[in-house]
Amino acid sequence: MEVGSLPVELWRLILAYLPLPDLGRCCLVCRAWRELILSLDSTRWRQLCLGCPECRHPNWPRRPHLPPVSWREALRQHALASRTWTQNGSDLHSSACLHLFRRRKDRRVWHVGTVPGGGYETLRGALAAAGPYDKVVLHAGVYEEQVEVSLKVPVEIIGIGKLGDVSLLVSFDQQCPTARLCNLVFMPAWFSPVVYKTSSGHVQLDNCNFEGCQLHIRGPGTCQARFCSFAQGSSAHFLGVAISLMDSCEFSGGDSASVTVEGAPVSERNWAFKHLVALAKTFTMMTSNGPTEISNQGGKDGVGAGSRGNTPLEGVNTMEDWNKQEVDWETNWAKQKGGDSLLSGQDGTMIEEDGMDTSSESSEEDDEQDSEKSTGLKLSYDQHGLAHLSKADTPDSSAFPALLSLSAELQRDAEARELAASVQGCLLRRCLLRDGKGGVHLCNHGQARLEANVFRGLSYAVRCIQNAKMVMLRNEVCGCKASGVFLRLSAQGLIAENNIHSNGEAGLDIRKGANPIILCNRIHSGLRSGIVVLGNGRGSIRSNQIYGNKEAGVYILFNGNPVVSGNHIFQGLAAGIAVNENGRGLITENVIRQNQWGGADIRRGGDPVLRNNYICYGYSDGVVVGERGRGLIEGNHIYGNRGCGVWVMSSSLPQLIGNHITHNRMYGLAVFCRKDTESAVSREGYRSLQERERGVGVGERDRGGPENFNEEGELMAWESDIDSEDERFSSRRPITVALVENNCISHNGAVGVYVKSSEPLNVVANMVNSNRGAGVSVVQSAQLIRLVGNCVLSNGWTGVAVDRECRVELRGNGVYGNNCHGVCFRGDGLIVENDVVGNNAVGIRVMDNADVKVLRNRVQALRGYGISVKERVRGVVQENLVYQGHSMSTKTPIRTNAQNLECVVLNNSLLTPRSQALWALENPPPRPHNSNPSSVTPSTLPAHLAITMTNRITASVESGCHNNGSIFCSIL
């Protein structure tokens with residue numbers, strides 16, 4: 001019979017009445033018939049699937065309103081899974097026949113309950129009569145046994161009717177190799193809450209309800225549960241299991257963990273092990289090849305719902321758009337405004353250099369400058385040693401490193417690849433765990449694999465402790481009252497492609513030596529931090545999207561020491577990454593953007609390596625190094641932030657090396673004294689300095705107290721978890737002076753480097769150019785500030801400004817083309833061997849009660865004196881070479897106060913060119929000099945390094961300053 005003899009629609013109507021065996025036979029007729037049968041997926045196959053009493057909707061319990069990809073495939077998978085219990089081959093044949101003629105033993109059916117034709121009255125009686133692999137059918141009713149029932153032969157127990165018609169108040173002890181229970185409701189017997197236990201055999205549970213009772217499986221026993229409901233505090237306990245499967249089950253209303261996995265998998269295996277492993281690998285292949293099932297519930301405007309390769313960049317603007325935005329701190333991220341790109345109230349502060357009398361400079365400037373504005377005697381200084389830093393362009397969103405997919409991460413990481421392929425312990429797949437105290441609890445070397453589950457409304461979703469190991473793939477964890485996932489006490493595992501959001505505490509809490517691999521997750525919309533690593537916790541955190549959390553995206557403290565690499569951390573309501581309380585870590589190649597507080601916040605002993613990150617478009621500072629903060633901050637792009645590029649408290653000891661700090665709205669680098677509570681940085685929309693020092697968080701201000709990292713309120717003695725300070729730094733020499741070296745600090749809205757400090761500071765070999773304020777401004781320095789080998793170029797105000805009572809050494813710098821004086825010095829110190837050329841006013845201006853030595857400098861001023869020494873200056877001006885700035889100038893190259901006898905002026909020279917061709921800085925060439933031009937810049941160093949910290953060695957270099965000075969040398 002040809003298919004084409006009737007319309008296809010009519011064939012479908014006829015075939016819709018066929019039972020399942022006949023549909024299978026029709027598929028074997030020919031290809032046309034097979035295609036016709038397969039086309040019945042949404043009609044007959046759906047009807048057969050939903051009508052099966054042994055299973056529920058394929059997407060139950062997570063999303064029963066959504067149809068499966070294929071109803072026929074769902075029915076096929078159910079049929080395969082439901083037969084696992086019968087695959088114990090050695091018992092399926094009659095032992096009375098010859099080996100070649102073995103045949104399957106006939107199965108008998110035993111009825112229990114009120115049935116026509118009679119049946120057993122009790123379940124115990126039917127089980128006593130049943131033979132191997134017989135079926136015991138329970139009719140509607142409640143069956144209770146007063147003592148424990150032992151299953152001694154393989155048997156199948158099935159309830160007839162709808163789920164709930166047959167209830168058992170029975171405690172089973174399985175002593176046979178295999179058994180199956182289907183369509184039953186289990187309730188605890190009067191003498192024990194355990195309704196089923198096995199320690200050696202395999203049990204299959206299909207479409208059963210557990211109400212207020214427990215399921216116990218002990219290795220080498222195994223379990224396969226499908227479409228089961230554990231309600232009213234019911235739970236499943238697995239002790240030392242080699243493998244067990246929980247597929248499409250629901251857990252709700254428990255006052256403890258819903259699933260507990262304890263003990264290492266036993267080495268002994270029962271007959272079902274190989275079958276369950278094959279079935280588990282089939283599940284794993286289906287979920288890895290199919291579309292991601294995790295929804296975007298709880299997300300913020302769908303952020304992060306795009307492809308794995310790219311982070312959504314809807315909020316990223318151009319630099320021009322960013323400068324026009326104004327933050328609405330109460331209702332929105334940003335709102336557009338017109339006019340000036342500076343923050344309100346910033347205009348007067350940006351140039352005035354707190355505490356320096358700029359008005360007096362301006363009033364006297366006219367007297368010192370030539371009326372002639374043009375000159376033909378400009379010295380060329382383009383070939384200085386830091387010229388390569390002035391060519392750095394500001395990256396845009398297209399320069400962000402793309403997020404790697406999970407497959408790409410697994411290709412690079414053999415350990416993660418091995419974990420992803422492992423199938424051992426308890427496998428939980430497509431389950432819903434809701435409205436209880438805990439989800440899954442792993443302890444004492446237990447192992448579990450969690451795939452495509454939903455954890456919702458629990459106190460915690462997953463707790464992994466005591467050397468337990470888990471693989472957690474494509475789950476949704478939301479609405480937990482505490483943290484979503486806990487890892488403690490040397491726990492390990494792989495946590496990948498999960499959607500973790502809207503939890504009351506941290507999304508992931510890693511502590512006490514736990515060391516997981518966290519890949520390609522979306523961790524967002526939390527009421528506290530995204531990831532917390534503390535108490536010697538470690539871990540590798542890579543290629544995650546961490547956004548919209550109320551506190552820090554990643555919080556590292558109490559000797560936490562993770563690797564945080566390749567993540568996109570954005571739109572947080574506090575800091576992007578916070579390292580506090582002796583936290584450490586390697587933080588590399590992350591994109592940290594659009595956070596309301598500092599992109600990276602380091603304080604109170606925090607000592608991370610922050611390398612090659614993009615820290616941009618923040619609503620406050622780019623990097624904050626607070627009280628007692630430390631760390632190596634190297635090769636980062638810090639730009640487009642509304643506050644400072646880098647904000648440093650003078651009591652901290654960071655090393656800033658090779659960073660690009662550009663286009664920030666306020667200072668490029670600001671170093672503040674701890675006692676400075678009225679700083680110009682503290683404005684509307686920014687935290688006060690008192691808050692910065694204390695590290696006050698959003699949640700802390702709301703709740704009136706510090707963040708509680710004690711798990712579920714338990715008291716924790718951190719003294720037992722934290723290494724002593726001596727142990728912490730035994731592997732490296734102590735760092736005694738903060739270092740700023742080889743950075744590009746340019747195009748910032750205020751001063752390039754602003755120092756108001758009570759501690760020493762070394763500023764070495766930096767390019768400070770094109771900032772709207774002064775290049776370098778030192779307004780307070782109780783101890784010596786060294787500026788060595790820097791290029792201060794084309795800034796909107798004075799190149800280097802030093803206020804009264806400040807101690808500063810300027811050595812080997814190039815100060816070129818600034819819009820006001822080259823150097824304006826009111827403090828005490830040295831100005832030695834600098835090139836101060838092409839500035840728009842006086843070259844070197846020394847005034848007030850300065851005590852300074854001006855030695856061996858090369859100076860040219862375009863519109864004023866080369867060197868101006870005014871008022872009651874003390875010191876020496878000696879062996880300086882002043883180049884003529886104007887061919888017709890009649891001014892003396894060095895202006896001094898004739899009545900000042902405390903300043904000695906000796907052996908200074910005025911150089912007038914013989915010809916324009918010879919007019920250049922020679923022998924030596926323009927400063928600063930690049931002492932190692934072939935060295936590799938930090939941004940090109942390998943980023944994927946071991947977690948061991950870089951040893952930093954400091955070397956003292958003899959200086960000619962007032963005290964024993966030193967030039968910092970950082971050897972990596």
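A few points on the structure. This structure is a prediction, so every number in the text was calculated from the model and none was measured.

1. Quick look at the environment of Leu215
Phase 1 of the analysis: Mapping Leu215 onto the fold places it in strand E13 (residues 214-218).
Phase 2 of the analysis: Residue classification places Leu215 among the buried positions, given a relative accessible area of 0%.
Phase 3 of the analysis: A sequence separation of 23 residues divides Leu215 from Phe238, and the C-alpha atoms of the two residues are 8.4 Å apart.
Phase 4 of the analysis: For Leu215, the residues in contact, after removing those within four places along its chain, are Tyr196, Leu205, Cys223, Phe230, Ser235, Ala236 and His237.

2. Details of the packing of aromatic side chains
Phase 1 of the analysis: In total, this model carries 17 aromatic pairs according to the counting rule given.
Phase 2 of the analysis: Relative to Tyr196, the ring of Phe172 lies with its centre 5.7 Å away and its plane at 40°, an arrangement referred to as tilted. With Phe172 in strand E7 (residues 172-174) and Tyr196 in strand E10 (residues 194-198), this residue pair connects regions lying 24 residues apart in the sequence.
Phase 3 of the analysis: Tyr196 sits in the buried class, given a relative accessible area of 1%.
Phase 4 of the analysis: Centre to centre, the rings of Phe186 and Phe210 are 4.9 Å apart; their planes meet at 15°, and the pair counts as stacked. Pair noted here: Phe186 is in strand E9 (residues 185-186) and Phe210 is in strand E12 (residues 209-211), with a separation of 24 residues, a long-range link.
Phase 5 of the analysis: Across from the ring centre of Phe486, 5.8 Å away, lies the NZ or CZ of Arg463, which sits over that ring.
Phase 6 of the analysis: In this structure, Arg593 is placed above the aromatic ring of Phe570, and the distance from its NZ or CZ to the ring centre is 4.3 Å.

3. Points about a nonpolar patch on the surface
Phase 1 of the analysis: Together, Leu6, Leu10, Leu13, Ile14 and Tyr17 make up a nonpolar patch on the protein surface, roughly 500 Å² of accessible area in all.
Phase 2 of the analysis: Note on placement: Ile14 falls in helix H1 (residues 8-15).

4. Describing the nonpolar core
Phase 1 of the analysis: Within the largest apolar cluster, 133 residues are counted, with the highest numbers of intra-cluster contacts made by Val136, Leu138, Phe172, Phe186, Phe238, Met246 and Phe455.
Phase 2 of the analysis: Not counting the four nearest positions on each side in its chain, Phe186 is found in contact with Leu168, Phe172, Leu181, Val195, Cys208, Asn209, Phe210, Glu211 and Cys213.

5. Considerations on the packing of helix H2 (residues 20-27) against helix H3 (residues 31-38)
Phase 1 of the analysis: Where H2 contacts H3, the two axes come as close as 7 Å, and the packing angle between them is 140°. In terms of axis orientation, H2 runs oblique to H3. Contacts from Leu23, Cys26 and Cys27 of H2 reach H3 at Trp33, Arg34 and Ile37.
Phase 2 of the analysis: Residue composition of the contact of H2 with H3, by class: five nonpolar, no polar and one charged.

6. Some points on the pattern of salt bridges
Phase 1 of the analysis: Following the criterion strictly, the structure yields 30 salt bridges and no others.
Phase 2 of the analysis: With a closest N to O distance of 3.3 Å, Glu148 and Lys197 form a salt bridge. Separated by 49 residues along the polypeptide, Glu148 in the loop between strand E3 (141-144) and strand E4 (149-151) and Lys197 in strand E10 bring together distant segments of the chain.
Phase 3 of the analysis: Judged by its relative accessible area of 30%, Glu148 is partly exposed.
Phase 4 of the analysis: Note on Lys197: relative accessible area 31%, which makes it partly exposed.
Phase 5 of the analysis: Arg811 is paired through a salt bridge with Glu809; the nearest N and O atoms lie 2.7 Å apart. For the pair formed by Arg811 and Glu809, the shared burial category is buried.
Phase 6 of the analysis: It is possible to trace a salt-bridge network through shared partners that takes in Arg107, Glu156, Arg180, Asp206 and Arg226.

7. Quick notes on H3
Phase 1 of the analysis: When H3 is considered as a whole, its buried residues turn out to be Trp33, Leu36 and Ile37. All buried residues of H3 lie within an arc of 100° about the axis, which places them on one face of the element. Those residues of H3 that are exposed and angled more than 90 degrees off the buried face are Arg31 and Glu35.
Phase 2 of the analysis: Considering only its buried residues, H3 is in contact with H1, H2 and helix H4 (41-50).

8. A word on H2
Phase 1 of the analysis: Of the residues making up H2, those classed as buried are Leu23, Cys26 and Cys27. With its buried residues spanning 105° around the axis, H2 presents them on a single face.

What counts and how
- Residues numbered from 1 in each chain as written.
- Predicted model: local features only at pLDDT ≥ 70, side-chain atom pairs only at ≥ 80, totals over all residues.
- Heavy atoms only, no water.
- Helix = DSSP H or I, 4+ residues; strand = E, 2+ residues; numbered from the N terminus.
- Buried < 20%, exposed > 50% of the residue type's maximum accessible area, 1.4 Å probe, protein only.
- Contact = heavy atoms within 4.5 Å.
- Phe/Tyr/Trp six-rings, centres within 6.5 Å; stacked < 30°, edge-to-face > 60°.
- Lys NZ or Arg CZ within 6 Å of the ring centre and 35° of its normal.
- Patch = residues over 30% accessible without salt bridge, like charges linked within 9 Å, V, L, I, M, F, W, Y side chains within 5 Å.
- Areas by Shrake-Rupley, 256 points an atom, 1.4 Å probe, with all protein chains shown as cover.
- Salt bridge = Lys/Arg side-chain N within 4 Å of Asp/Glu carboxyl O.
- Core = buried A, V, L, I, M, F, W, Y, C linked by side-chain atoms within 4.5 Å.
- Axes fitted to C-alpha atoms, helices over the stretch in contact; angles between N-to-C directions.
- Parallel < 35°, antiparallel > 145°, perpendicular 65-115°, else oblique.
- Nonpolar A, V, L, I, M, F, W, Y, C, P; charged D, E, K, R; others polar.
- Arc of directions from axis to C-beta.

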